[in-house]
Structure formats: C-alpha cells, structure tokens
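# Reading the structure
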Amino acid sequence: MWGLKSGLKWGRRPLLALLCLAATGALARADEVPLPRPRPSEQERIELPSFQSVMGPDFDASSLSSQPTACDTRLAKIATMQPMPRLIGPGGCGGADMVHMSAVLLADGKQVALQPAPTLQCPMAEQFALWVRDAAAPQIAATSAALRRVETYDDYECRLRNRRLSGKISEHAKGDAIDVRGFTLADGRFIGLTDPTASKPLREALRQAACDRFTTVLGPGDANHENHIHLDFLQRPNGYRICEWDVREPPKPQLVAAKIPLPVPRPVVAGSSLNRH
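The model shown is predicted, which means the values in this text are computed figures rather than measured ones.

## Considering the overall build of the chain
Scanning the chain for helices and strands turns up six helices and twelve strands. Within the chain, the fraction of its 277 residues that count as buried is 36%. Considering only contacts within the chain whose residues lie at least 6 apart along the sequence, 63% involve residues at least 24 apart. Total accessible area on the chain is roughly 17700 Å²; 58% of this is exposed by carbon and sulfur atoms.

Given below as structure tokens:
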C-alpha cells in the first residue's frame, strides 16, 4: 500500500514540474510584449506656453480688476457687450481685458447682431466693432439691403495656430482674433465673404477696409482660411502687417450650344403611292 501511494505521489511531480515550467515560460513571453505608453494629457499634448511668457515678464495677474477699463468704456458706446475682466485659461490662454460682445451699434441707432457672439480682448473687439460700423454696414447698405447680422466662425479658443499639436500659440487663444463667414441682410440674403459669386467690388472694399484696420487678414489663398476670413490684432516688430485675402473672380458663364431645330416633316399627299409606276 505504501509503495502504491508513494508511486502516485512521485508520479505527480514530473507533471507539476512541467506545469510550472509552462507557466514560467508564459510569463516570460508576456513580459516581452511592451505595454502601450500612457496617453499624454491635453496640456502636454499641445505644449502651450505659460501665461506669463505670453503676457510678458512685467505683467502682474494680481493687478486684474473688475473695474471697467478705458477700452470697456469706449466699447460700451458702440456695442452691446459684457466685460469679463479675468479670463485666464491653461498655458498661455486668456487675456487681461476680455469682453463678450453680442451686437454692434450703428450710427442710426440700429443694432447689427453678432452670431455666435464672440469673446475677445477689448482692443480687438473695439477694432472689429468699428470695422462693422464704419466699413461693412455702410458699404453693404450702398450696394444692397441693410446689414442685420454678422455670421462669425471662431473667436476665443485655447489652442495653437491652425489647431496643430506643436508650434506657436494662436491669437485666438489670447482673444485677439475673430473669424468671419459673412453677412445676413435685412431682406434675408446672405453675402459670403469667400463666395466668388458675391459682388466683387463689395468684397474688394471690405478687404481693403480690413487690411487698413487689422494687422493680420487671411482668407482664400491661405489653405486654412478658404471658407472664412481671419482677422487679428497681433503687434509685430516694425509695424509689419499681413494681408492675404484673394478676392476671387466670379465663375465665367459656360457657353451652351444652341439647339438646331429639325426640319418640319414633309406632308403626306392624299392618294399618293410609293409603288406608283
């Protein structure tokens, strides 16, 4: 009996040894497969600079106040706006004197709505309101119906230029830029600023007024701005400005071949026969 039990006991040992070796080999193979790297956080991925580096070494964030600035006071006379004196996002995003602007007040007291209403730094909002009031509204009214709404495309957004994963911070991230699609008129018509079928003289006049007022104007001709106009107020050395808005020609009408009428069928004469000899 002892010999039988002993044989069974020792008979299991080779099997257990094989199982242990197999498990060890499986663990070794599992260790050889590298685990995926943890996904970087959004802050790490877009590599935003610090707010202090964007605003400059002399900027003191503690100096921000809820009191209206001189720009706020001027803007309130020409626009419907709400001050947002402290808007600081991650990295270099935000600004020291931000406003939320919903409409521009024209000289005759009427309002031109901004949709969606942009959030901008006050100096940029002021320049945009003046462009709408003094350039866009009068030029559109002189050639068409009155201006009723500006169709915006983008304003404050914490990101890098052209939404890339590395590079310089966008002026949009500082509330210093706005993108515009076009204008809706009082009669319901829409004028697209990048639409080649829209009045070319009007688009040229709007382009000139924009390039005179803003330091950066980008539109068709730039791969990232084919369907809207980008305006910003970036201050560059020596007053350098960028004006790249290709006012494209309207499409030429296609020639359609004239239809040549077929001859009238020959009348059939009564009593005639094709088999007549």
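## What to know about the pattern of salt bridges
If you walk through the whole model with that rule in mind, you get 13 salt bridges. Two residues, Arg 159 and Glu 157, come together in a salt bridge whose shortest N-O distance is 3.1 Å. Accessibility expressed as a relative area gives 26% for Glu 157, which makes it partly exposed. Between Glu 171 and Lys 174 there is a salt bridge, and its shortest N-O distance comes to 2.7 Å. Judged on exposure class, the residue Glu 171 and its partner Lys 174 are both buried. Salt bridges linked by common partners bring Asp 154, Glu 157, Arg 159 and Arg 163 together as one network.

## Things to note about helix α5 (residues 122-143)
Between the first and last C-alpha of α5 there are 31 Å, a value that for 22 residues agrees with the 32 Å anticipated at 1.5 Å per step. The largest bend in α5 amounts to roughly 35 degrees and is located at Val 132.

## Regarding the side chain of Asp 97
Tracing the sequence through the fold places Asp 97 in the loop between β3 (94-95) and β4 (98-105). Within the buried core, Asp 97 has no salt-bridge partner, and the shortest N-O distance to an opposite charge, that of Arg 74, equals 7.5 Å. There is a polar contact of 2.7 Å between the side chain of Asp 97 and the side chain of Thr 69.

What counts and what doesn't
- Residues numbered from 1 in each chain as written.
- Predicted model: local features only at pLDDT ≥ 70, side-chain atom pairs only at ≥ 80, totals over all residues.
- Heavy atoms only, no water.
- Helix = DSSP H or I, 4+ residues; strand = E, 2+ residues; numbered from the N terminus.
- Buried < 20%, exposed > 50% of the residue type's maximum accessible area, 1.4 Å probe, protein only.
- Contact = heavy atoms within 4.5 Å.
- Areas by Shrake-Rupley, 256 points an atom, 1.4 Å probe, with all protein chains shown as cover.
- Salt bridge = Lys/Arg side-chain N within 4 Å of Asp/Glu carboxyl O.
- Expected span 1.5 Å × (residues − 1).
- Bend = angle between axes of the 7 residues up to and from the residue.
- Lys, Arg positive; Asp, Glu negative; His and termini not counted.
- Polar contact = N/O pair within 3.5 Å; in protein donor to acceptor, adjacent residues only side chain to side chain.

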